[in-house]
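Breakdown of the fold
Here are the chains, one letter per residue:
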Amino acid sequence: MQRSLSAIQPTGVVHIGNYIGAISQFVKLQDETEAFYFLVDYHAMTVPFDPKELNKNLLQVAATYLAAGVDPTKATIFQQSQVSEHTELAWILACLTKMGEAERMTQFKDKASKHAERASVGLFTYPMLMAADILLYDTNIVPIGDDQKQHVELARDLAERFNKMYGETFVVPQPMIKKTGARIMALDDPMKKMSKSSVSPKGYIALSDDDKTIAKKIRSAQTDSVGTVGYDPNHRPGISNLVTICSEITGSSPAQIIKEFEGKGYKEFKEVLAQVLIEFIAPIRTHQAELLADKGELVSILNNGSARAREVAEKKMKQVRSALGIKL
Ligand code: ATP
Ligand code: LTN
């Protein structure tokens, strides 16, 4: 059976972009593959963070996984920092990565420019930790949004390099990126990716937002002055992004949506889209709140998942140590 693996950073509340680009694929793949989905708390430390917030976000993101349909009886759900092999392999992969390769990573360039002189070394070595996350599990498929493609490509290069230099050890993973919905844009600035850690919550719809907040955010989402519902991401990014969200949640194609709203304006479309999102999010939000009311169950799911993940990771690290000549 093929293995799929992916992760989310506990850096804030999970949004509709995370769902459309990544989690919707997890839910499908847990029936078709042996699935590993986890919380990358070490990645969350690459930018300034508050330990109390990180603790809260870990539970919140774990609850969101479950409420959005990731099933712990089908997939292994775990916490990165509970499996020490991740950081161990990350060091080895850092020694295999060229400075130039790491410097080319666009996410590093974007995030480092935001944090200027405070950018951490961890932010620079982030992709090597992600490569370790993937390669430890003999992963075949990595379901992700468009922004993570370059990181999976680095993981592929590192797997091939290691195999060539030290002998066949790692499976070379494939990214799995949706044709549409792989890059949902921010509602308040459709030139930017919808992001958990954006300064203003106006840019994203969280899977924990209440009905009123959802309606308000959609009402104030940026469009353009054309006035008709259309789909042209290059020239009309705002309205096209809303059509994409609507299409991904309802299953109707952008063409069908445009036809349905012929002769109508943004106001009518936004009202319908808000309703679609409210109906989609309400049950997830309720389930999430129920799960968060009993921290014990969440912690036990993560602990069980981490124990299972550790079994796989320990085995792989033994092979790695042998290949590198450090096993005596
Ligand atoms: P942060 O703002 O803290 O970097 P994020 O919102 O980018 O967080 P991640 O935890 O980095 O979220 O991403 C989890 C998964 O969701 C990844 O597979 C990522 O590619 C995907 N993803 C993130 N943002 C979007 C988006 N706007 N559209 C589609 N997929 C996305
Ligand atoms: N960098 C990813 C999160 C991530 C990940 C992974 C995704 C860390 N390790 C392994 C897939 C596989 C992000 O979404 N920012």
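Up top is the structure these notes are about.
Points about a nonpolar patch on the surface
A surface patch of nonpolar side chains, amounting to about 260 Å² of accessible area, comprises Tyr42, Met45 and Phe49. Mapped onto the elements of the fold, Tyr42 is located in helix H2 (residues 41–44).

Details of the site of ligand 1
In the vicinity of ligand 1 lie 22 residues, with Asp147, Lys193, Ser195, Lys196 and Ser197 positioned nearest. Here an oxygen atom of ligand 1 sits 3.0 Å away from a polar atom, N or O, in the main chain of Gln9. The contact in question runs from an oxygen atom of ligand 1 to an N or O atom on the side chain of Lys196, over 2.7 Å. Considered on its own, ligand 1 offers 600 Å² of accessible surface; in the complex 97% of this is hidden by protein. It is helix H1 (residues 16–32) that provides the largest number of residues to the shell around ligand 1, a total of four residues.

Here we look at the pattern of salt bridges
All chains considered together, the criterion is met by 18 salt bridges. Here Lys74 and Asp31 are joined by a salt bridge, their closest N and O atoms 2.9 Å apart. Of this pair, Lys74 sits in the loop between helix H3 (51–67) and strand S3 (75–79) while Asp31 is found in helix H1, placing the two residues 43 residues apart along the sequence. Ionic pairing is found between Asp209 and Lys217, a salt bridge with its closest N-O pair at 2.7 Å. Neither residue differs from the other here; Asp209 and Lys217 are each classed as buried. Because the salt bridges share partners, they merge into one network encompassing Arg3, Glu34, Arg308 and Glu311.

Describing the side chain of Glu85
Here Glu85 is to be found in helix H4 (residues 85–96). There is no salt bridge for the buried Glu85, and the closest opposite charge comes from Arg321, which lies 5.2 Å off by N-O distance. Other than its neighbours up to four places away in sequence, Glu85 contacts Leu136, Arg310, Ala313, Glu314 and Met317.

Parameters and conventions
Residues numbered from 1 in each chain as written. Chains lettered and ligands numbered in written order. Predicted model: local features only at pLDDT ≥ 70, side-chain atom pairs only at ≥ 80, totals over all residues. Heavy atoms only, no water. Patch = residues over 30% accessible without salt bridge, like charges linked within 9 Å, V, L, I, M, F, W, Y side chains within 5 Å. Areas by Shrake-Rupley, 256 points an atom, 1.4 Å probe, with all protein chains shown as cover. Salt bridge = Lys/Arg side-chain N within 4 Å of Asp/Glu carboxyl O. Helix = DSSP H or I, 4+ residues; strand = E, 2+ residues; numbered from the N terminus. Near = heavy atom within 4 Å. Polar contact = N/O pair within 3.5 Å; in protein donor to acceptor, adjacent residues only side chain to side chain. Buried < 20%, exposed > 50% of the residue type's maximum accessible area, 1.4 Å probe, protein only. Lys, Arg positive; Asp, Glu negative; His and termini not counted. Contact = heavy atoms within 4.5 Å.

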